[in-house]
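Coordinate analysis (summary)
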Amino acid sequence: MNELACLVQQTADRLAGQHVGAVVAGLAGGAVEIRGAGGTGAGGGVPGPRTLFEIGSVTKVFTSLALARLVLDGSAQPDEPVGALLPAGAQVPVRGGQAITLQHLATHTSGLPRLPRGILTSALFTRRRDDPYAHCTADHVLAGLARTRLRAVPGRSFRYSNLGAGLLGLALAQRAGTGYEELVRREVCVPLGLADTVVAPGEERSGRLARGHAPGGRPVPHWSLADLGGMGALRSTAADLAILLRAQLTAGRDPDGPLAPAITLTREVRHRVNPFAWMHLGWLAHRLHSQQGGHLQIWHNGGTGGFRSFVAFDPEKQVGVVVLVNTRRSADPAGTALLRRLQNEFATT
């Protein structure tokens, strides 16, 4: 087993000791290694490269890539008010005379709250605790949006919003005249050749869908996000996410590569979060302090009721990682540690 494979397997083994099961991918120098450990993959076995996991908020990366694709084909504009894409009669809050634009939603600068109106009450006092967004139809979300007060002037400050990302997916699907899943399939999955990134897995993929768990190991139901799919409804595999990362790593070096113009566009947008971190379209980014090597990390994580995900890469060093686990205990520390090992040991220029 080569050094990259050993590091990936060691990370998967450590995660399996903390979670029920894990799949880890490492990319370095053009090579890809994917290893699984633990259980409750298909048929209760060890999860592997083609095991489907709920990826939660990593979905937002796909939503923003779809936005970039629509911008490039002239179907939408980054500074277009989201109200122009929503059904007639939708009321979108405004603050300081500034309307919420598509770019505001993709960079979490819309001023919208983190969650849709009433979601906490619904989860706490109904039977929706195990599937808290299942009732978030377009009608429900837009009715709550009309009564929502913005926390800041749009474009002014970073405030992470699941509601905003879900609204972006809803608006883009409305503009495209299709559902969110079909939008992502058409604009992202088909061009990249992603075979298993879906909202509804269907019969064949359901047999490869991992079972999610609470931290103590109790199985929990899968989540459905109704019409807020753009914030976290996708299921995917380590194999598909490794392809996504390879496209991210090569976009700057191969302008004719799959989705390279859209990927480049997502990174041209930068909203400063603090002196060391910023927001692209869909991706968070930061540069570590010089004493830690000054490495760049572009990343997103995700979580649902029984899963956690972490996807990160460094286009300067040409390395990346994918971590998928089937409990809701964070996978971020293990993923970050693996990325730093790859940055230090496998960097290419």
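It should be noted that the structure appears before, not after, this text.
Residues numbered from 1 in each chain as written. Predicted model: local features only at pLDDT ≥ 70, side-chain atom pairs only at ≥ 80, totals over all residues. Heavy atoms only, no water.

On to the overall build of the chain, then. For the chain, the count of helices and strands is 11 helices and 10 strands. Along the first, second and third principal axes, the C-alpha atoms of the chain reach 60 × 45 × 35 Å. In the chain, of all internal contacts separated by at least 6 residues, the share reaching a separation of at least 24 is 66%. Roughly 13,900 Å² of accessible area belongs to the chain as shown, and the carbon and sulfur atoms make up 50% of that amount. Here the chain contributes 36 positive and 25 negative side-chain charges, whose respective centroids are spaced 10 Å apart. (Helix = DSSP H or I, 4+ residues; strand = E, 2+ residues; numbered from the N terminus. Contact = heavy atoms within 4.5 Å. Areas by Shrake-Rupley, 256 points an atom, 1.4 Å probe, with all protein chains shown as cover. Lys, Arg positive; Asp, Glu negative; His and termini not counted. Charge placed at Lys NZ, Arg CZ, Asp CG, Glu CD.)

Quick look at the nonpolar core now. If you look at the biggest cluster of nonpolar residues, it comprises 78 residues, and the most contacted ones within it are Phe-62, Leu-167 and Leu-241. Among the elements that take part in this core, helix H2 (residues 59-72) stands out by supplying eight residues, more than any other. For Phe-62, the contacting residues outside a window of four places in its chain are Ile-55, Tyr-180, Val-184, Val-188, Leu-194, Thr-197, Leu-234, Leu-241 and Leu-244. Of all hydrophobic cores here, the second largest spans 24 residues; its members include Leu-15, Val-24, Phe-310 and Ala-331. (Core = buried A, V, L, I, M, F, W, Y, C linked by side-chain atoms within 4.5 Å. Buried < 20%, exposed > 50% of the residue type's maximum accessible area, 1.4 Å probe, protein only.)

Here we take up the pairing of strand S7 (residues 284-287). As defined by bridge partners, strand S6 (residues 277-279) adjoins S7 across three bridges and the pair is classed as antiparallel. Its bridge partner lying in S7, Trp-278 is registered against Ala-285. (Pairing = 2+ DSSP bridges.)

What follows covers the pattern of salt bridges. Counted according to the given criterion, the structure contains 12 salt bridges. Here Arg-69 ties to Glu-187 by a salt bridge, and the two come within 3.1 Å at their closest N and O atoms. Of this pair, Arg-69 sits in helix H2 while Glu-187 sits in helix H7 (residues 180-192); the two residues are 118 residues apart in sequence, bridging distant segments of the chain. What makes Arg-69 partly exposed here is its relative accessible area of 27%. On the basis of relative accessibility, which here comes to 6%, the residue Glu-187 falls in the buried class. A salt bridge links Arg-185 to Glu-182; its shortest N-O distance comes to 2.9 Å. With Arg-185 and Glu-182 both in helix H7, this residue pair falls three residues apart, about one helical turn. On the basis of relative accessibility, which here comes to 41%, the residue Arg-185 falls in the partly exposed class. (Salt bridge = Lys/Arg side-chain N within 4 Å of Asp/Glu carboxyl O.)

What follows covers the packing of helix H5 (residues 138-145) against helix H6 (residues 162-176). It is the contact of H5 with H6, at a shortest axis distance of 12 Å, that shows an interaxial angle of 125 degrees. Between H5 and H6, the angle falls in the class oblique. Viewed along their axes, H5 and H6 form a crossing whose handedness is left-handed. Residues Ala-138, Val-141, Leu-142 and Leu-145 of H5 form the contact with H6, whose participating residues are Leu-163, Leu-167 and Leu-170. (Axes fitted to C-alpha atoms, helices over the stretch in contact; angles between N-to-C directions. Parallel < 35°, antiparallel > 145°, perpendicular 65-115°, else oblique. Left-handed = near helix turned anticlockwise from the far one by under 90°.)

Our focus in this paragraph is the packing of H6 against H7. With their axes 9 Å apart at the nearest point, H6 and H7 run at an angle of 75 degrees to one another. Considered as vectors, H6 and H7 are oriented roughly perpendicular to each other. Each of Gly-169, Leu-172, Ala-173 and Ala-176 in H6 lies in contact with H7, whose residues at this interface are Tyr-180, Leu-183 and Arg-186. For the contact of H6 with H7, a count of residues per class yields five nonpolar, one polar and one charged. (Nonpolar A, V, L, I, M, F, W, Y, C, P; charged D, E, K, R; others polar.)

Turning our attention to the side chain of Thr-336. Its location among the elements puts Thr-336 in helix H11 (residues 332-345). The residues contacting Thr-336, other than those within four sequence positions of it, are Gln-297 and Phe-310.

For Ala-226, which is not glycine, the phi dihedral falls at a positive 50 degrees. You can see Ala-226 is positioned in the loop between helix H8 (202-206) and strand S4 (235-236). Looking at Ala-226, the relative accessible area reads 39%, which means it is partly exposed. Although it is not a glycine, Leu-259 sits at a positive phi angle of roughly 65 degrees. Structurally, the position occupied by Leu-259 is in the loop between helix H9 (238-250) and helix H10 (260-268).

Spatially, the eight strands line up as an open sheet ordered S2-S1-S10-S9-S8-S7-S6-S5, and their pairing is antiparallel. For this open sheet the edge positions go to strand S2 (31-38) and strand S5 (271-274), each flanked by a neighbour on one side alone. The mean angle between the axes of side-by-side strands here comes to 20 degrees, regardless of whether they run parallel or antiparallel. Each of strand S1 (21-28), S2, strand S9 (308-314) and strand S10 (319-325) is contacted by H9, which is oriented at about 155 degrees to S10, the strand it contacts most.

Honestly, that's just the spatial picture; any functional story needs more than this.
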